[in-house]
Every structure is written in structure tokens, then in C-alpha cells.
Amino acid sequence: MCGFVGFYSKDIKDENIIKEMNSQIVHRGPDSDGYYFDKGINFGFRRLSIIDLNEGSQPILNETDDIAIIFNGEIYNYQEIKADLLEKGYKFKTNTDTEVILHGYEEYGEEGILAKLRGMFAFTIWDSKKEKLFGARDHFGIKPYYYTMIDGDFVFGSEVKSFLKYPKFKKEVNKKALKHYLVFQYNPLEETFFKGVKKLRPGHYYIFENGKLEIKSYYNISLDYKEMTFDEAVSKIEKEVEESVRYHKISDVEVGSFLSGGVDSSYVVATAMPNKTFSVGFDNKGFDETVYAKELSDSLGIENYSKIITPDEFFEGINKVQYYSDEPHANLSSVPLYFLSKLAREQVKVVLSGEGADELFAGYNEYEEALPQRIYKKLPFCLRSKLYKKFKDKKHFSGKTIIMKYGQKVEDRYIGQADIMSDEQANSILKEKYKNSETSRDLTKKYYDKVKDMDDVSKRLYLDMNMWIIDDILLKADKMTMANSIELRVPLLDKKMWELARSIPVKHKVNGTTTKYAFRKAAKNKLPEDWAKRRKAGFLVPFVNWIKEEKYYNIVKEVFNKEFVGEFFDVEKINTLLDNHFNNVENNGRKVYTIYTFLKWYEQYFN
């Protein structure tokens, strides 16, 4: 696992610039650095040695030294591709997957090599003879890729913070992003919070040639259910999990695993059987899963390392999380993930984790429907819609939640796993120039339109695969692990796993009130029954309780009233949100955290 940065410029000749940019991402690869220069191209690379420890430094060049590559990620089937390339006469200087991509590009072309790759990746290839840049990001967005055009120059890399050292880069907040961030808890736009800097979308590649940038799709996420029995679905899941974990364990260094009390990471651990597992929790009732992790580890004969995070550590960690995330990020679990990664790095360089199972196999609690909800849904939609309009502005009463939820179509109410505040609420606390008439539904519509004839579970799942998992789950997974120079691998989010998951009918994924139904059954054959049945919880963080304590309330209060805050927010209104939460008038904990993390991010990058 590594990081890279680069740029193409006709007039910037100073080699120290790429070295300065590269120094901003040393955490992604503390083992070594490397550089390449040719015809306006400047490559910088940071290496975390995982495969071919002695000979795998980058950039890597082909046999004639006219094609160069920088690569971040792991290709799990590189040995099979390499065998084909060896038969075709290619010579290899290393035993790395990086060189396989390089020669694969020479042999198969852009889309040809991308069609063969199984893994997580972001890479850039410079073809000197053609004077062409070719860059790509993996199918699901496990690894990040950022880029920007500045006065004809093309700048790209693994993290935006490296761009800040580019002499032509003008640091400016993207005014369109803040309102959406307050709604989603992450930035769902293609353009980042840094104006002009964009994210290459998953399953896409680009060609930069003759000063022009062309972006193309090479992989589309789609659902294609096949007829199969429940037992067939379970059997196929078992087989694919076994194979995927086997591929994801390929390494020249020790591989450990993150472990919570949930079924996903537990299934991975029970299949991989690493020597070490790692867990974190909080010393608050209902917020500590380390006891479950240790219990499972002990039963499997695996050594477990754990840490209890204090409130003071959590608040101190927020600054680091916002810095390493590049953009403001309000998923509460990012902070414990940062400390979990720090704990694991003391023992290993590579860890497995359970990300992806909830999206592939419908594991979120939002996907299920209890009996009262299923009964209410049998009412004609026109009647449910009338009840929704009648009661939506009334004070809360028993049953209102169901009326609100099922009085709208899923396309009109579901924006993903985080729904912090409405578009109207977000605009109401923002200063005029940061208000935004584009709604969250405007952003989700293009995905819902592609599955408009499918059931509600499929619609939610499809939206989460295209938005939530990319810009929230996988972003924090990459950034928090790389902040601690550790490689995270996600065997449950794999091309072959997706090809299976997209074919399993919804009836085998959600059965009444059981989410991940077939997946849990497969896991049950590896785990104690309690683990396979455990409901989705995620990293539970007691922030909403802490800011009812005077010490932590005052920490947030101080930031809410700093001089720069009035640039973005109606200061009186955000203080009212905080005060009402502190005084138990209403639960505004998530709203407060989302505002607070943006302000801490702004302090990191602009103050």
C-alpha cells in the first residue's frame, strides 16, 4: 500500500516541487520514496512495502524505459495475469503486481488490462512515446484518486493535501459542498471541498493527451438477480468468501484483522484465522464491543489486542481525522477507526476488515421492515401520502415515524445511511453564499432512475453502493489506516463477491426482520450462533452523551463562537442547536458533530 502524486506542466521545471508535494503523504508510505521526470511529467511515490520487499520500489519502468507506472493498492490475481504475460515473452525485473499492470497495459491496452484486474487500485501510467497519461481507479472506489486542471497543468494524486504545495494551486472552499455535507455527513459531490479538485469516480479511467482530459467508464454497478434456492445462495457465499479471503491474505508481511462484535469482521476472522486481531471501544455502557471481540478471539485461539478510547482522546483525535481525511468527514466511527489503526500498526502492516458486506448482502437495519411496517405498507400509497402531509408538521406521537417513513416513496426519503438534517434545515443555518438550492434528491435521482422498476430494498442497496460506501465508508477506511501507515484489505468487497451478490435475489438477503439473511447463514457455519445473529451496530460512539457534560459542551461551544464561524453559519442558530441538546430539549448530537467537524477541518486547512 502506498501513495503517489504527480503533475504535467510545460513551464514548471523545478524537481523540488514534486518532492515537496510527496512529503505531504509520507504517512502513506514511510518505507521509501521514488521519482520520475520526463517531458513535463513529474511522478512522486511513497512506498509501504508489502509485496517483494527488496525490489518493489516505484516508479517502475518497462524494459525500454519509455513507459512508467506509479500504483497504490493490491492486485490479488496478479500471478495469473503474470503467467500469461510470461508466455507472451515479457521480462520481469520484480515480483510485484505493479509491474504486471505495466506490462498488462503494453499487451492488452487500457480497457484490456482493467478488465483483468481483481483488487483495489489507483494507478497512473505515462507512455512517453505517445506522450499520454493513463490513470484509473478500482471498481468500487476502495483506493482514492484526486485530480485538478490549473492553467493547462494536470495535477493528480492519492491525497488532496499534496496539491497545496503546487505553486499554481489556489486554496479555496468549494461553496457548493457545505450544504450537502450537512445533509449527508460527507461530501457527495464529484468536486471536493477544495474548489476545482475532483475525485475520479470508481470504475473509471482517464486519458490525458495533448492538453485534453477524457474520462471513461470501464465498470458499471448493476443488479441482475438470478433464480436460485436459499441453500444455493448460502453455498455460493461460503465458497466466494473462502476464495476471496485466501486471495486477500497474499502478502510478504504478517496479516492481522480488525474485529468488532459484528458478524462481518467475525466471519472474515474465522475464515482467515490470522495470528492477531484488533479492537477498540469506549468505557460507556452499550459502547464497548471489545469484550465480544476478545471472547471470539479466545475461542478461535487468536491473540486479541484492544484499547478503550477516553473522551479526551476522542476529542483530540478529531483534529487528526479531519486533517487526514482531506475533506470534512462527520462519520463518528472515523475517530475510533483512527485509534484502531494506530493500535494495529504496532503489530502488523496489513489488516483485513469487514467493509462491504452490508451493501452487497443488504445488512443495514434500514433495509428491514418489522410486521407493523409491512402491514401499514399494504395501505394504498395515495392514502399513506395524505396521512404524511397531514401529520408531517405535527409534534411527535406514537406511530408518527411509520407515517413519515411510508408516506413517501423510497426515492423521496432515503438518501443513504446518514441523514443528518434536511435540505431546508441545512440552508436555514448557513450564510447566504453557502446556501444551495440543489437538493439531496437531485443528487440521488440519477441512481434511482437506473433501478426505478425494482423493489425498495434493491433501490436502497443500489444507492448505497454508488454513494454511501464510496464517499463515507471506504474513504474513512483508506484515510484512517493510511494515516497510520497500515494497509487495509476488504475481502467482502471484491469483484467476484459483487458478481455473486448482484445475482442473489432480495428474498434471500432480507427475510422479515433479518438482514443479510443468506450471509448470516453462511457465517453461522464458521461462527457461534450468537455472532451470526447479531444485529448491525457499527462503531457506536457516545458523543451525544459527552456533549451533555459541561467539559465537552464547552469545548464545542468555544469552537462554535470563534471569529471565522460567522463566515459560514448563523452563529446564533448553531449555538441554539448545541444549547438545546445540552439542556435535553432535543437530540441534536449528530447535527452538532457535523457542524463541529467541518469547523475543525477548516481550522486545519485554512486557519
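Along every chain, residues carry numbers that run from 1 in the direction the sequence is written. In keeping with the predicted nature of the model, local features appear solely for residues at pLDDT of at least 70, side-chain atom pairs appear and are counted solely at 80 or more, and the whole-chain, interface and lining totals rest on all residues. As a rule here, side-chain values cover all heavy atoms of the structure and leave hydrogens and water aside.

Where an unreviewed UniProt entry is consulted, the chain appears under the name asparagine synthase (glutamine-hydrolyzing), with the organism given as Parvimonas parva. UniProt annotates the chain under Sequence similarities (unreviewed entry) with the comment "Belongs to the asparagine synthetase family." UniProt positions are given in the numbering used here, feature names are shortened, and annotations may be inferred rather than shown by experiment. The Pathway (unreviewed entry) comment attached to the chain in UniProt states, word for word, "Amino-acid biosynthesis; L-asparagine biosynthesis; L-asparagine from L-aspartate (L-Gln route): step 1/1."

Draft legend 1. Fine view of the overall build of the chain. The numbering of helices and of strands both runs from the N terminus, where a helix is a DSSP run of H or I of at least 4 residues and a strand a run of E of at least 2. Each helix and strand counted, the chain has 27 helices and 17 strands in total. Expected size for 607 residues packed as a compact globule is a radius of gyration near 25 Å; at 24 Å, the chain falls within 12% of this value. Over its C-alpha atoms, taken along the principal directions, the chain stretches across nearly 75 × 60 × 45 Å. The buried label applies to any residue whose accessible area, calculated with a 1.4 Å probe on protein chains only, is under 20% of its type's maximum; exposed applies above 50%, and partly exposed to all values in between. Looking at the chain as a whole, 61% of its 607 residues are labelled buried. For the chain, the share of sequence-separated contacts (at least 6 apart) that also reach a separation of at least 24 residues comes to 72%. Computed by Shrake-Rupley with a 1.4 Å probe, the accessible areas treat only the displayed protein chains as cover when residues are assessed. For the chain, the exposed area adds up to about 23700 Å²; of that, 46% sits on carbon and sulfur atoms. Measuring between centres, the 94 positive side-chain charges of the chain sit 5 Å from its 94 negative side-chain charges. Each radius of gyration reported is based on C-alpha atoms, and the globular scaling rule is 2.2 Å times the count of residues to the power 0.38. It only takes one pair of heavy atoms within 4.5 Å for two residues to be counted as in contact. The sign given to each residue is positive for Lys and Arg and negative for Asp and Glu; His and the chain ends receive no count. The location of each charge is read from NZ of Lys, CZ of Arg, CG of Asp or CD of Glu.

Draft legend 2. Representation of unusual backbone geometry within the structure. A cis amide bond links Gln-58 with the next residue in sequence, Pro-59, at an omega value of 0°. As for its placement among the helices and strands, Pro-59 is situated in the loop between strand S3 (41-47) and strand S4 (60-61). Look at Glu-131: it is not a glycine, yet its phi comes out positive at around 50°. As for its placement among the helices and strands, Glu-131 is situated in the loop between strand S6 (119-127) and strand S7 (132-137). The class of Glu-131 is partly exposed, set by a relative accessible area of 40%.

Draft legend 3. Representation of the nonpolar core in the model. With 180 residues, the main nonpolar core has Phe-123, Phe-314, Phe-543 and Phe-569 as its most contacted residues. In terms of residues, this core owes the most to one element, helix H19 (residues 468-483), which gives ten residues. Setting aside anything within four residues of it in sequence, one finds Phe-569 in contact with Leu-178, Leu-182, Ile-429, Leu-430, Lys-431, Ile-574, Ile-595, Phe-598 and Leu-599. Among the nonpolar cores identified, the runner-up in size contains 20 residues, and Phe-4, Phe-45, Leu-133 and Leu-200 belong to it. We call a set of buried Ala, Val, Leu, Ile, Met, Phe, Trp, Tyr and Cys residues a nonpolar core when their side-chain atoms join them within 4.5 Å.

Draft legend 4. Spotlight on the packing of aromatic side chains. Each aromatic pair joins two rings of Phe, Tyr and Trp (for Trp, the six-membered one) with centres within 6.5 Å, and gets the label stacked for planes under 30 degrees apart, edge-to-face for over 60, and tilted for any other angle. The final tally for this structure, using the stated rule, is 57 aromatic pairs. Ring plane angle 70° and centroid distance 5.1 Å describe the contact between Tyr-323 and Tyr-324, whose orientation is recorded as edge-to-face. The exposure class of Tyr-323 is partly exposed, given its relative accessible area of 24%. We classify Tyr-324 as buried; its relative accessible area is 17%. Measuring from ring centre to ring centre gives 5.9 Å for Trp-601 and Tyr-605, while their planes differ by 40°; the resulting arrangement is tilted. Placement of both Trp-601 and Tyr-605 in helix H27 (residues 589-606) is noted, with a separation of four residues, approximately one turn of the helix.

Draft legend 5. How the structure looks around the sheet that holds strand S5 (residues 67-75). What makes two strands pair is DSSP finding at least two bridges between them. Pairing within the open sheet is antiparallel, and its six strands lie in the order S4-S5-S6-S7-S11-S12. The sheet terminates laterally at S4 and strand S12 (212-217), the two strands that pair on one side only. Here the axes come from fitting lines to C-alpha atoms, over the contacting stretch only for helices, and the angles between their N-to-C directions go from 0 to 180 degrees. Across the face of the sheet, helix H3 (residues 97-108) comes into contact with S4, S5, S6 and S7 while running at roughly 125° to S5.

Draft legend 6. Representation of empty space enclosed by the protein within the structure. A 1.4 Å probe that fits into a set of points on a 1 Å grid over the protein atoms alone but cannot get out defines a cavity; an open set with protein on both sides within 12 Å along at least five of seven lines defines a pocket, and lining residues are those with an atom within 4 Å of a point. Grid points are joined across faces, edges and corners, and a volume is the space filled by probe spheres set on the points. All chains considered together, the criterion is met by six cavities of 30 Å³ or more. Space inside the second largest cavity adds up to approximately 90 Å³. For the second largest cavity, the lining is made up of 13 residues, of which Arg-137, Pro-144, Tyr-146, Ile-470 and Leu-475 are closest to its centre. Asp, Glu, Lys and Arg are counted as charged, while Ala, Val, Leu, Ile, Met, Phe, Trp, Tyr, Cys and Pro are counted as nonpolar; the rest, among them Gly, fall into the polar class. The residue inventory of the lining of the second largest cavity, partitioned by class, reads seven nonpolar, one polar and five charged.

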